[in-house]
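These are the residues of each chain, in order.
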Amino acid sequence: AQTVTQSQPEMSVQEAETVTLSCTYDTSESDYYLFWYKQPPSRQMILVIRQEAYKQQNATENRFSVNFQKAAKSFSLKISDSQLGDAAMYFCAWNSGGGADGLTFGKGTHLIIQP
Amino acid sequence: EAGVAQSPRYKIIEKRQSVAFWCNPISGHATLYWYQQILGQGPKLLIQFQNNGVVDDSQLPKDRFSAERLKGVDSTLKIQPAKLEDSAVYLCASSLAGGRGYGYTFGSGTRLTVV
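What counts and how
Every residue gets a number counted from 1 within its own chain, in the order that chain's sequence is written. Note on labels: chains are lettered from A, ligands numbered from 1, in written order. For a predicted model such as this one, the threshold for reporting local features is a pLDDT of at least 70, and the threshold for listing and counting side-chain atom pairs is 80 or more; totals across whole chains, interfaces and linings nevertheless cover every residue. To get the side-chain values, take all heavy atoms of the structure and skip hydrogens and water. A helix here means a DSSP run of H or I that spans at least four residues, while a strand means a run of E at least two residues long, and both kinds are numbered starting from the N terminus. The buried label goes to any residue with under 20% of its type's maximum accessible area, the exposed label to any with over 50%, and the partly exposed label to all in between, with areas taken from a 1.4 Å probe on protein chains only. Contacts between residues were defined by any pair of non-hydrogen atoms, one from each residue, lying within 4.5 Å. When DSSP finds at least two bridges between two strands, those strands are taken to pair. In this description, a line fitted to the C-alpha atoms serves as the axis of each element, helices being fitted only across the stretch in contact, and the angle between N-to-C directions of two axes falls anywhere from 0 to 180 degrees. Only a pair of cysteine sulfur atoms within 2.5 Å qualifies as a disulfide here.

Asker: When you look at the environment of L47(A) in this model, what are you seeing that I'm missing?
Answerer: All names here are of chain A. When you line up the elements, L47 lands in strand β6 (residues 46-52). L47 sits in the partly exposed class, given a relative accessible area of 40%. For the pair L47 and S22, spaced 25 residues apart in the sequence, the C-alpha separation amounts to 17 Å. If near-sequence neighbours (up to four positions away) are discounted, L47 is found in contact with F35, W36 and Y37.

Asker: Even after reading the chapter, I still don't get unusual backbone geometry, so can you show me in this structure?
Answerer: Residues other than glycine predominantly adopt negative phi, and peptide bonds predominantly adopt the trans conformation. Residue and element names in this part refer to chain B. The amide bond that connects S7 to the next residue, P8, takes the cis arrangement and shows omega of -5 degrees. With respect to the element layout, P8 can be found in the loop between β1 (5-7) and β2 (10-13). A cis amide bond links Q80 with the next residue in sequence, P81, at an omega value of -5 degrees. Relative to the helices and strands, P81 resides in the loop between β8 (75-79) and β9 (88-95).

Asker: Please explain the sheet that holds strand β3 (residues 19-24) of chain B as it appears in this structure.
Answerer: Paired through backbone hydrogen bonds, the strands of a sheet run either parallel or antiparallel to each other. Residue and element names in this part refer to chain B. Here 4 strands make up an open sheet; going across it, the order is β1-β3-β8-β7 and the pairing antiparallel. In the strand order of this sheet, the two ends are held by β1 and β7 (65-68), each with one partner. Each neighbouring strand pair of the sheet contributes to a mean axis angle of 15 degrees, computed without reference to strand direction.

Asker: Is there a simple way to explain the state of the cysteines in this structure?
Answerer: In protein chemistry, a disulfide is the covalent bond that joins the sulfur atoms of two cysteines. Residues and elements named next belong to chain A. What the rule picks out here adds up to 2 disulfides over all chains. In this model C23 forms its disulfide with C92; the gap between the sulfur atoms is 2.0 Å. Measuring handedness by torsion sign, the sulfur bridge of C23 and C92 sits at about -70 degrees and is left-handed. Taken together, the residues span a long stretch of sequence, with C23 in the loop between β3 (19-21) and β4 (24-26) and C92 in strand β10 (residues 88-96) at a distance of 69 residues. Residue classification places C92 among the buried residues on the basis of a relative accessible area of 0%.

Here's what the structure looks like:
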């Protein structure tokens, strides 16, 4: 079974600084997708960034970027110029490149932004 | 565009009682997912529908959980009878035709407390 591991239950960063959230995963598949989702107290999951495993180029969305290391099965999220609104739970997720496409999530990292 | 609607927002029941949750996906979205998120964990997929057919229900505890998506639109998730360990947030998500290519939109969930 596929697993997603987030080893940092909580991270804290000063406003305007950079923070990196870690994620590793385990799969025997070669074609898959990886995601980072943000969950504020409203509980609604919001997509932050998406990476297709066959693409070597790391995905970037404004202040958010990933470091995708396929051989190491690592998928970290870097948040630059942290803002107060970035405070939330962050979940790393995986899904298969074929068949059913429900997401497998990690346990999450609680990100705190210090003003 | 209206989001994924879920109701109720909160529900408190006693163990062994029954409970139902309702989800209205975004109009035209063929794929619908139900996730269970226990406190301190990431969401776990319970069931995935494609229109009104089940694609994946491998993690649905079928002895007490059931779900249906009549007419391929709204969906209901039922628990009968509830146990204390069913206390969680139940998230519904939908996608136009599969999340890999079109992304997933999540609702704000129903928080269930079983006492």
